[in-house]
Amino acid sequence: MNIIGPDALVFGVDDVDACSQYLTDYGLTPAGDGRFEALDGTCVVIRAADDPRLPPAIGPAPSIREIVYGVGDAATLEAIAAELSKDREVRRGEGGSVHADDDSGFHLSFALTIRRPYTAPADLTNAPGHPPQRGPNLLGINWDMKVEPRTLSHVVLFVPNMEQAEAFYVSRLGFRLTDKFIGVGPFLRPAGTQDHHTLFLIQTPPFMKGVEHFTFHLGSGTEVLLAGTQFEAKGYTTFWGPGRHYLGSNWFWYFNSPLGCHVEYDADMDLHDDTWEARHRPPGADNSQLFLFTAREKWFPSGPPPKGGAH
Amino acid sequence: MPPVGQARGFDPAKSGRDTVFALRRSDGIRVYRNHCPHQGVPLEYRKDRFLSGDGQRILCYAHGAHFDADSGLCTDGPCRGMSLASLPLVIEDGWLYLALAPDSPLLR
Ligand code: FES
Ligand SMILES: [Fe+2]
C-alpha cells in the first residue's frame, strides 16, 4: 500500500485565535479556513471544537479530531477500503477518500496526497578532510535567515494498547517497524516513504489517549536551533530540547502548545528501506537523546552583548 | 494583577523563568506553583497563558491536564485527582506578597 505519511492533522480547539497565532508564529502559512500549511502543502487544520464538520472528539477540547494520510495512487485507496471494511465501518468521501477509525479509536482518513513539489536550500557544511560545501565568502549564518517548515513529518499518539495499535498499522496498512522502545512503543514507517518514522506510538493509561506531539521537518539542525530560539523569544515555553534523538538521528525541540499536545521542530532524520532490521532498545534517556542543550540567556557573567549588534 | 479570566506568571526568586502564577477569581486571588503534578514542568504554552480559552480553567499545555481554577484540583488528564500547589499569600497596600521564604523550594 502506497501510503506516504500524514498530510493533515485536524484539531478541535477552544481557542481558535490562540492556535492560529501559535501556528503562524511556528512558521506555517495561513491558507484560509483554519488551514496552516508547510512548503509542500501538508498542514494543520484548526476548528472550533463544536464545528459540525468534525468527527467526534476523544477527550476534552483541545484535541485531535482527524489524521489525514496522503496516498500515492487510487489503487491504494481501493486496497485500504477493501481491507478495513472486513471488520469496521468504512465511509467513502470526495475523490475516493476513505474514512475509518483505527484500533485505538482515532479517526483516520486516506486521500490522494496533497503534497506538491518544492525546492528549498540545504545547510551546507565545511568539514575539514572533506571538500568544502560552502566556498569562499559564502556565509553559513545571518541574522535574518528565515526558517520555513517544509513538510509534515510525524505524529505521536498515546494509545492504551500499543501492541494492538502497532499490529493494526503493520498488518492492515502495510507500515514497517523501524525501531522500538521496549515496553513503550514502536516507530513506524508507511511503505510510501523512507523516513525513519511518520508515526510513533506510546503506551499510556486509556484516559490519556490522544496526540503527544507532531512536527514538521525543517532543513537542518541549524534551522531547528534557529527556529526554536526565535519561537522562545516570542515567549513560547520549551518542553524538551533542543537536542538530537538517538533512534532516527533527528534533531528535536519540543514546545508546549494551545492545541492540546506538544509541537516539535525536527530535522535530518534517517532514511530506511526494507533491508533494515528494527532495533529494540530500553526507553532510557541514553536511547532517546544523544545530547541535550538547555538554552541560556546569560552566557557569560556580565551578560550577553546586544542581540544582532556589531561587536 | 491580571483581570478576571486571565493569569500572570511571576519569578519571585529570580530563577530565570516564571515559577508561580496568579489569577483573579470572583472571590479573590489565587497563586499556584507553576509545576504540573504530572511531570513537574511549567504549565503555560506562552508567557502568561495558563488558562483555557474561556478563562475558567487552568490547563497544563504540556499534556492537556485540566485544573479547577479555584482549588487547583486536576479534573481531567494524566494527573487527575492530584492538585497544583496553592501558595499562601498576603495582600497589603495593593501589593501581593507570597508568605514564603525567598529560598523556598516551591519557588524553584
Ligand atoms: S506535565 Fe502537565 S499534563 Fe503532563
Ligand atoms: Fe518527534
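Look up a bit, the structure's there.
Since we're looking at a predicted model, the values are computed, not measured.

Undergrad: Honestly, the nonpolar core in this entry has me stumped. Any pointers?
TA: A general feature of soluble globular proteins is that nonpolar side chains tend to end up buried together. Membership of the largest hydrophobic core comes to 60 residues, with the highest contact counts inside it found for A:F11, A:F110, A:L157, A:Y169, A:F214 and A:L259. The dominant element in this core, judged by the number of residues it contributes, is helix 1 (residues 16–26) of chain A, at five residues. Residues within four places of A:L259 in sequence aside, it is in contact with A:F11, A:C19, A:Y22, A:L23, A:V44, A:I46, A:P62, A:S63 and A:F214. Judged by nonpolar contacts, the second largest core, of 18 residues, contains B:C36, B:L43, B:A62 and B:A69.

Undergrad: What exactly am I supposed to notice about the packing of aromatic side chains here?
TA: Ring pairs (aromatic) are described by centroid distance and by the angle formed between their planes. If you walk through the whole model with that rule in mind, you get 27 aromatic pairs over all chains. Relative to A:F214, the ring of A:F11 lies with its centre 5.6 Å away and its plane at 45°, an arrangement referred to as tilted. Here A:F214 lies in strand 13 (residues 210–217) and A:F11 lies in strand 1 (residues 3–13), a separation of 203 residues in the sequence. Neither residue differs from the other here; A:F11 and A:F214 are each classed as buried. Residues A:Y236 and B:Y45 carry aromatic rings whose centres are separated by 6.4 Å and whose planes lie at 20° to one another, so their mutual orientation is stacked. Of this pair, A:Y236 sits in the loop between helix 4 (221–233) and strand 14 (238–244) while B:Y45 sits in the loop between strand 3 (28–33) and strand 4 (57–59), which puts the two residues in different chains. Judged on exposure class, the residue A:Y236 and its partner B:Y45 are both buried. Lying over the aromatic face of A:Y246, A:R279 brings its terminal NZ or CZ to 5.5 Å of the ring centre.

Reading the values: the criteria
- Residues numbered from 1 in each chain as written.
- Chains lettered and ligands numbered in written order.
- Predicted model: local features only at pLDDT ≥ 70, side-chain atom pairs only at ≥ 80, totals over all residues.
- Heavy atoms only, no water.
- Core = buried A, V, L, I, M, F, W, Y, C linked by side-chain atoms within 4.5 Å.
- Buried < 20%, exposed > 50% of the residue type's maximum accessible area, 1.4 Å probe, protein only.
- Helix = DSSP H or I, 4+ residues; strand = E, 2+ residues; numbered from the N terminus.
- Contact = heavy atoms within 4.5 Å.
- Phe/Tyr/Trp six-rings, centres within 6.5 Å; stacked < 30°, edge-to-face > 60°.
- Lys NZ or Arg CZ within 6 Å of the ring centre and 35° of its normal.

Such coordinate-based values are descriptive only and should not be taken to indicate function.
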